[in-house]
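Residues per chain, in single letters:
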Amino acid sequence: MSLSRQRKVLPGFRLTLGFTLFYLGLIVLVPVAATFAKLGGLTWAEFSRAVASPVTLAAYRLSFGASFFAALVNAVFGLLVAWVLVRYQFWGKRLMDALVDLPFALPTAVAGITLASLYSENGWIGRWLAPFGIKVSYTSLGVFVALTFIGLPFVVRTVQPVLEDFDLEIEEAAASLGANRFKTFFRVILPMIFPALLTGFALAFARALGEYGSVVFISSNIPFRTQIVPVLIMNKLEQFDYAGATALAVVMLAVSFLLLLAINWLQWWSTRHREQA
Amino acid sequence: MTASTIPVAVRRSATTEPALVRWVLIAVALLFMALFLVIPLVAVFAQAFSKGIGYYFHTLAAPNTLSAIKNTSIAAGISVPLNCIFGVAAAWAIAKFDFFGKNILTTLIDIPFCVSPVIAGFVFVLVFGRQGWFGPWLLEHGIRVIFAMPGIVLATMFVTFPFVARELIPLMQSQGRSVEEAARTLGARGWQMFWRVTLPNIKWGLLYGVILCNARALGEFGAVSVVSGHIEGANTMTLEVQALFENYDQTGAFALASVLTFLALMTIVLKEWVERKGTAGFSKRTTL
Amino acid sequence: MSVEVRNISKKFERDTSALDDVSLKIESGELVALLGPSGSGKTTLLRIIGGLEFPDNPGAQVLFHGSDVTGLPAHKREAGFAFQHYALFRHLTVFENIAFGLRVRPFWKRPREAQIRERVGILLKLIQLEGLAKRFPSQLSGGQRQRVALARALALEPKVLLLDEPFGALDAKVRKELRLWLRTLHEELHVTTLFVTHDQEEALEVAGRVAILREGKIEQIGTPEEIYDHPATPFVYDFLGNVNLFKGRVRDGAVQIGDSKFAAPEMSGDNGFLATAFVRPHDVSVTREPAGPPAFAASILRFHVIGPLAELELKRTDSNETFTAQLSKERFHELNPHPGERVFVELHNVKVFPEDYSI
């Protein structure tokens, strides 16, 4: 049934769709298209030089590596925090629940300078680690800490609703079959919330990959050592190397897009066998 | 057979852990949260007031700070209402009608969400910058977009683009069409139906989306960093924080940062309040 | 294995007693139904037996074959439990669901893989779902899921099987099929089984003994025939089927309703008391020919036919009491009633309870 022939009961379709497409095009699609257009103007040599140079490869390694481990830490501790918030009662629970949103709401620059100063050698936390020879600020460890901070809410907020809706009868069934709490958790609960956990991990990972503000202060941003991809792109912009910046931006866009697809697929997969009648 | 007393240790249901395990887990969770969230939060304010209250207000009253506040307010003041209108329009089109490409549209709306802020700013440089598509034309007409406020506003609009739509689309989809269709059969005109029927139903979801949108607008850093010229007096609040920090005025940077932190805490409080109010329908626990 | 509970009491937050000093003994191999309306405490009792909840009072005891398991948590009790909504593990196949209890055993008690496969195979055959081993619960019908839930509980060869409204969530036809299947299963396996239901037809059809609960207490226990033919209280009478109530007065071992006297042997010795007579609709006979006492006159208000039976609503001529008669379709067509007609009614199997009882 074509659009024109379908009688619409509700009004405003053309108005809202038209405005939506116009606004979307203006604010999002045109700029993004410009990037791909610019990409088209690059020679293959320029592209590969930007995308595969040693500096870039080092930046990829750090970005992907630190983001991955930060998301992993968030997966473990995020699950713990979600579990504790959903299952237990204790003083300060509501406060803790609200605080989980802090990394979302706080501007990345504020997070950046705060973490940088906290973990510096005479910072509140850094001074405890210094005697052990552990340096956080201005190292890749600092990058990891910053990325863990900003990814924290993703896992908690993705797992929390699933835990809240979890059918306690299933746990009772496991108990009636002889499973103690430990076995029940690892054989029944964890497998059932795993898709949500994985989605949270993917979201935290995707966010960490593109993060700039929280990281740029705590990292020394030295190429080959503590430079993440967004900082590298920023560098290229400052040097007016638009070609290089475009090449990298396109790669990052492609990765983001793939991650978005993966997350959508994960959310589909998680409901596949888990619907109740 | 003597009557037995039930051991206290066993006095629990089949679905909770022993008390010891519970308390250990709670302690670890609290420690983790304290380390990553509470300490930084306290540190912001501690550092901000480390040189006394006088210095604190001196920083906030400085011309650069005031213009930063003004610039941020302009950027948010333009982005949030426009994105709000867009969000409502998009959610209306997507939730109440069926058309080809609906899913693609929804995915496209999500683009700014999964793009790195640096890239978000960069794409505008490619369009409006000196070497960009409209670069020469803008230069001719003496209009500056990049390295000026318009660029900052555009970049802010880009990154805050999906927030209201993302809240409203699932909400309006779950509400269906029946109420509006009923209003139509009772003779309501388009705008009447919208104001009297649709809007009241979505008001909490809309408010929630606006709160998130606003928080992001105030706090955006990466994207505006790319499009601004880092010119004194032409910064947003986040950029000014960076400027102060890099010029070794740490206390001043934290002073301004504390204002942003306070706004962030207000955002959280408002968010909780709205979540409690509008329990039916809209997705709580949304990621920013 | 026999199951006994002694002096079980439990309260819930709103200060309502879920169970009030309940004691019950179930012999090894019995199939017993716990029957009652919602809130009667039957599910709570079952869950306490299964270890999913615990009684409030220190004197309470739960005994499996004489040994005290009151303090044991659910995962140590070795009681098979089936839930109303099956509680199957959605992320596991049918095979793995059934095998779960075996896999979860501590490693020194765990059977080898081949033994697990064999055992699950036997159970799949028992529940007649051999071809569906690799399916997931979401791919099964309600009746199939409940059978898997039962097989899962049976895999551990439990000494007692506890079923919480096992067929409550199913369609009427599937319910009937599974009831029969449960009886056959019980006859084959002879596992002590206790099941909870609010459907009196189910309890009377399936169980060897029925315990009727009301507001946390056991009203009566007996075989289905016992409790139906000889209900101990008006509540039991009313719960097990439809009832007509007549007001009357007891005198000399009979109850006087209007001008008619009906035998009430259990009330002999009480004289002059007001009483309520209980009569089942199918014990009310209706005739056109005038008949002498104890039959009395009544007029037909309305009637309707439901499947193989017909129900007539009648009103006594001498008072305004209305009551219902249930006739077979044959008898109904013989009678050929019309609204407003006068007929004669006789009551059989009248049961009398003193006036101060209330349903």
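Residue positions within a chain follow its written sequence, with the count starting from 1. To read the labels, note that chains go from A and ligands from 1, taken in the order they are written. Given that the model is predicted, a residue must reach a pLDDT of at least 70 before its local features are reported, and side-chain atom pairs must reach 80 or more before they are shown or counted; all residues, however, enter totals for whole chains, interfaces and linings.

## A few points about the sheet that holds strand β15 (residues 284–287) of chain C
Residues and elements named next belong to chain C.
Moving on, step 1. Between any two strands, at least two bridges found by DSSP are needed for them to pair. For helices the rule is a DSSP run of H or I covering at least 4 residues; for strands it is a run of E covering at least 2, with both sets numbered from the N terminus onward. Pairing is antiparallel in the open sheet, where five strands are placed in the order β15-β19-β16-β17-β18. For this open sheet the edge positions go to β15 and β18 (322–328), each flanked by a neighbour on one side alone. For this sheet, the mean inter-axis angle between neighbouring strands, taken without regard to orientation, is 45°.
Moving on, step 2. The pairing of strand β16 (residues 296–306) with strand β17 (residues 309–316) spans eight bridges and is classified as antiparallel. Looking at β17, one finds that His304 is bridged to Glu311. Each axis is a line fitted through C-alpha atoms, taken for helices only over the stretch in contact, and angles between the N-to-C directions span 0 to 180 degrees.

## With respect to the confidence of the model for chain A
Moving on, step 1. pLDDT is defined as a per-residue confidence score from the predictor, taking values between 0 and 100. With 95% of its residues at a pLDDT of at least 70, chain A reaches an overall mean of 87.
Moving on, step 2. Any residue pair is listed as a contact if its two C-beta atoms, each placed from the backbone, are within 7 Å. pLDDT under 50 marks residues 1–5 of chain A. Its contacts with residues more than four places away, or in other chains, come to two contacts.

## Concerning the nonpolar core
A general feature of soluble globular proteins is that nonpolar side chains tend to end up buried together.
Moving on, step 1. Residues A:Ile233 and B:Phe122 are the most contacted members of the largest nonpolar core, which totals 273 residues.
Moving on, step 2. By residue number, the principal contributor to this core is helix α3 (residues 54–87) of chain A, which donates 15 residues.
Moving on, step 3. When sequence neighbours within four positions are dropped, the list of residues in contact with A:Ile233 reads A:Ala245, A:Leu248, A:Ala249, B:Val118, B:Ile119 and B:Phe122. Nonpolar core, as used here: buried Ala, Val, Leu, Ile, Met, Phe, Trp, Tyr and Cys residues forming one set through C-beta atoms within 7 Å. Here a residue counts as buried when 20 or more other C-beta atoms fall within 10 Å of its C-beta, as exposed when 12 or fewer do, and as partly exposed in between; the C-beta atoms come from the backbone.

## Side note on the packing of helix α3 (residues 94–103) of chain C against helix α5 (residues 142–154) of chain C
All names here are of chain C.
Moving on, step 1. Axis separation between α3 and α5 bottoms out at 7 Å; the angle between their running directions is 30°. Between α3 and α5, the crossing angle belongs to the class labelled roughly parallel. Here α3 and α5 pass one another in a crossing that is right-handed. Counting all contacts with α3, which are made through Val94, Asn97, Ile98, Phe100 and Gly101, the residues of α5 involved are Val148, Ala151 and Arg152.
Moving on, step 2. Each residue receives one of three labels: charged for Asp, Glu, Lys and Arg, nonpolar for Ala, Val, Leu, Ile, Met, Phe, Trp, Tyr, Cys and Pro, and polar for the others, Gly being one of them. Each residue belonging to the contact of α3 with α5 can be placed in one class, and the counts come to five nonpolar, two polar and one charged. Should an angle fall under 35 degrees it is called roughly parallel, over 145 degrees roughly antiparallel, and 65 to 115 degrees roughly perpendicular, with every other angle called oblique. For any pair of crossing helices, the crossing counts as left-handed if the nearer helix is rotated counterclockwise from the farther one by less than a right angle, and right-handed if it is rotated clockwise.

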